[in-house]
Amino acid sequence: MNDEQSRDLYDRALSVMPGGVNSAVRAAIEPYPFFVRKGDGGHVIDADGNRYIDWVMGLGPLLLGHDLPESVRAGIQRNASEGPMYGAPSEIEVDLAEFVVRHVPSVEKIRFVNSGTEATTSAVRLARGYTGRNKIVVMQGGYHGAQESTLVEGDADDPAPSSAGIPQSFAEHTLPVPFNDEAAVREVFEEHGDDIAAVLTEPILGNRGIVYPEDGYHEFLREITDEHGALLIFDEVITGFRVGGLGCAQSEFGVTPDLTTFGKIVGGGFPVGAIGGRAEIIEQFAPSGPVFQAGTFSGHPVTMAAGLETLQFAAENGVYDHVNGLGEQLRSGLTEILADQAPSYTVTGTDSMFKVIFTRDGPGANSLEEQCSSGCRQRPACPRYDTCPKNGADVAAAETDRWRRIFWGQMKDQGVFLSQNQFECQFVSYAHTDEDVEKTLEAYKEAL
Ligand SMILES: Cc1ncc(COP(=O)(O)O)c(C=O)c1O
């Protein structure tokens with residue numbers, strides 16, 4: 001596979017951009033990332049003309065793939081050519097807000113911002129402002145963007161910044177606990193209950209492999225936060241409008257958080273974030289309340305149009321049936337391949353998300369009949385239950401180097417673009433086809 005153009009572009013980029021990229025994870029590909037020239041349906045074509053089946057899909061926003069339907073294109077072009085922005089409100093912001101309020105159970109009011117990071121930063125500030133408390137409980141290995149309150153590692157007794165540039169005094173207000181561990185959450189509430197403003201979690205860990213919640217875990221979080229007067233925040237930047245269709249993951253799990261953060265799909269491929277929730281809480285944002293929040297580009301008309309037209313298209317065209325059906329085919333196909341070739345590995349994901357975690361231990365090839373057939377569901381009756389990843393640390397303990405340094409390149413050489421490491425999840429789009437799934441499964445068979 002020729003990659004001269006990508007290499008030259010990376011060489012140029014290294015001279016003018018830190019690490020040659022504008023977002024850290026893009027440089028995880030070694031020795032250098034391929035540069036994308038353009039998208040085409042469910043595929044991307046790189047600067048050297050190589051074509052790949054694209055399961056990265058912009059790291060999640062592209063529910064419809066790279067070829068936008070006419071209605072989405074028209075909405076974007078109309079709003080781009082008529083302004084493109086004003087520093088004053090426009091109708092399209094109200095239209096998208098009404099759509100989200102209509103479909104997402106927890107959202108009575110919403111504030112649009114420009115990224116998932118901005119959404120979680122504002123949600124944390126809002127939770128602190130609303131409750132008058134300081135501490136935030138987060139899940140180890142969960143990701144909530146590049147923000148000070150959540151770039152924290154360690155455990156609740158000894159939290160520390162996970163990035164240079166963050167004061168220890170910030171990290172002290174963050175309490176990391178393992179996902180799926182009720183006892184750890186109980187413990188932090190026992191110790192700090194009066195000062196916990198919120199529990200912030202992805203409904204499904206989507207940035208540390210894909211880890212599904214154990215049955216009852218979200219109900220437990222709902223109860224314990226209610227009991228202690230803390231808020232429950234679901235970070236649905238990944239799962240929003242992907243898992244559970246237009247009702248998002250919260251509708252799938254039947255648990256209603258106080259606040260929800262959005263990003264990715266709700267902007268239809270343009271920069272976006274949003275914080276939705278109970279009206280009484282969202283009203284605490286300026287100008288109706290005392291929690292400052294503002295942004296020059298917030299509610300940008302082009303983004304709002306792309307988001308609204310994307311979601312409307314999804315509502316009217318069976319998009320979720322298509323992407324979830326292909327997701328199911330991928331996960332069940334992978335389950336069969338692994339049973340044969342790598343029985344210790346775990347297939348994870350749900351709806352249109354999928355991943356293979358290179359877990360080191362499994363139950364043994366001849367006891368796999370009763371296993372989850374389409375992605376790990378944390379079922380106690382599954383023979384994998386004792387060895388499947390239950391939290392971020394379990395995923396990190398899998399064969400992360402083999403995944404990134406060997407397996408990823410073998411898939412790329414066969415024309416399949418997977419996310420850059422074992423941690424980021426992969427996405428099916430409306431543009432993907434049965435043929436893409438078949439070719440991808442063949443490539444897995446070859447590479448594993
Ligand atoms: C769950 C979650 N929250 C927040 C973010 C941050 O979003 P953004 O990259 O748009 O700032 C991400 C990004 O992938 C995410 O996956």
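Computed from a predicted model, the values in this text were never measured in an experiment.

**With respect to the overall build of the chain**
Consideration 1: On a plain count of helices and strands, the chain comes out with 14 helices and 16 strands.
Consideration 2: For 448 residues, the compact-globule estimate of 2.2 N^0.38 gives 22 Å, and the C-alpha radius of gyration of the chain, at 21 Å, lies within 12% of that figure.
Consideration 3: Over its C-alpha atoms, taken along the principal directions, the chain stretches across nearly 55 × 55 × 45 Å.
Consideration 4: Among the 448 residues that make up the chain, the fraction classed as buried is 55%.
Consideration 5: Here the analysis covers contacts within the chain between residues at least 6 apart in sequence; of these, 71% occur between residues at least 24 apart.
Consideration 6: Within the structure as shown, the chain displays about 18,200 Å² of accessible surface, and the carbon and sulfur contribution to it stands at 46%.

**Focus: the environment of Leu326**
Consideration 1: Checked against the element boundaries, Leu326 lands in helix 11 (residues 319-341).
Consideration 2: When the C-alpha positions of Leu326 and Met353 are compared, they lie 9.9 Å apart, and in sequence the two are 27 residues distant.

**Re the domain arrangement of the chain**
Consideration 1: Under the domain assignment, the chain is made up of domain 1 (4-66 + 319-447) and domain 2 (70-316).
Consideration 2: For domain 1 versus domain 2, the distance between C-alpha centres works out to 25 Å.
Consideration 3: On the domain 2 side, the residues contacting the 35 residues of domain 1 number 33 residues.
Consideration 4: Surface buried jointly by domain 1 and domain 2 totals about 2,700 Å² across both partners, of which 63% is contributed by carbon and sulfur atoms.
Consideration 5: For the pair domain 1 and domain 2, the interface holds 0 salt bridges.
Consideration 6: Joining domain 1 to domain 2, the criterion identifies 12 residue pairs in polar contact (both at pLDDT 80 or more).
Consideration 7: Within the residue set of the side of domain 1 that touches domain 2, elements represented by two or more residues are helix 11, strand 14 (353-357) and helix 12 (392-396).
Consideration 8: Looking at the side of domain 1 that touches domain 2 residue by residue, the class counts come to 20 nonpolar, 10 polar and 5 charged.

**Quick look at the pairing of strand 8 (residues 174-177)**
Consideration 1: Here strand 8 shows a buried face lined by Thr174 and Pro176 and a second buried face lined by Leu175 and Val177.
Consideration 2: For strand 5 (residues 135-139) and strand 8, the ladder comprises 4 bridges, and the chain directions are parallel. Looking at the pairing, Val138 lines up with Pro176 of strand 8.

**Some thoughts on the site of the ligand**
Consideration 1: Surrounding the ligand, one finds Ser115, Gly116, Thr117, Tyr143, His144, Gly145, Glu202, Asn207, Asp235, Val237, Ile238 and Lys264.
Consideration 2: Gly116 places a main-chain nitrogen or oxygen 2.9 Å from an oxygen atom of the ligand.
Consideration 3: At 2.9 Å from an oxygen atom of the ligand is found a side-chain nitrogen or oxygen belonging to Lys264.
Consideration 4: Protein burial of the ligand: of its 390 Å² of free accessible surface, 82% is covered by the chains.
Consideration 5: Its residues placed into classes, the shell around the ligand shows 3 nonpolar, 6 polar and 3 charged.

**Overview of the nonpolar core**
Consideration 1: Of all hydrophobic cores here, the largest spans 65 residues; its most connected members are Phe241 and Phe262.
Consideration 2: Built from parts of two domains, this core gets at least three residues from each of domain 1 (4-66 + 319-447) and domain 2 (70-316).
Consideration 3: Setting aside anything within four residues of it in sequence, one finds Phe241 in contact with Leu63, Val100, Val104, Leu246, Cys248, Phe262, Ile265, Val266, Leu311 and Tyr320.
Consideration 4: Residues Phe179, Val199, Ile224 and Val255 belong to the second largest nonpolar core, which totals 26 residues.

**With respect to the state of the cysteines**
Consideration 1: The tally for this structure, following the rule as stated, stands at 0 disulfides.
Consideration 2: Here Cys388 is not disulfide-linked; the sulfur of Cys376 is the nearest cysteine sulfur, at 3.7 Å.
Consideration 3: Looking at Cys425, it has no disulfide partner, and the nearest cysteine sulfur is the one in Cys376, 14 Å off.
Consideration 4: Residue Cys425 is classed as buried on the basis of its relative accessible area, which comes to 2%.

Quick notes on the rules
Residues numbered from 1 in each chain as written. Predicted model: local features only at pLDDT ≥ 70, side-chain atom pairs only at ≥ 80, totals over all residues. Heavy atoms only, no water. Helix = DSSP H or I, 4+ residues; strand = E, 2+ residues; numbered from the N terminus. Rg over C-alpha atoms; globule rule 2.2 N^0.38 Å. Buried < 20%, exposed > 50% of the residue type's maximum accessible area, 1.4 Å probe, protein only. Contact = heavy atoms within 4.5 Å. Areas by Shrake-Rupley, 256 points an atom, 1.4 Å probe, with all protein chains shown as cover. Domains from an automatic or database assignment. Buried area = accessible area lost by both parts, 1.4 Å probe. Salt bridge = Lys/Arg side-chain N within 4 Å of Asp/Glu carboxyl O. Polar contact = N/O pair within 3.5 Å; in protein donor to acceptor, adjacent residues only side chain to side chain. Nonpolar A, V, L, I, M, F, W, Y, C, P; charged D, E, K, R; others polar. Pairing = 2+ DSSP bridges. Near = heavy atom within 4 Å. Core = buried A, V, L, I, M, F, W, Y, C linked by side-chain atoms within 4.5 Å. Disulfide = S-S within 2.5 Å.

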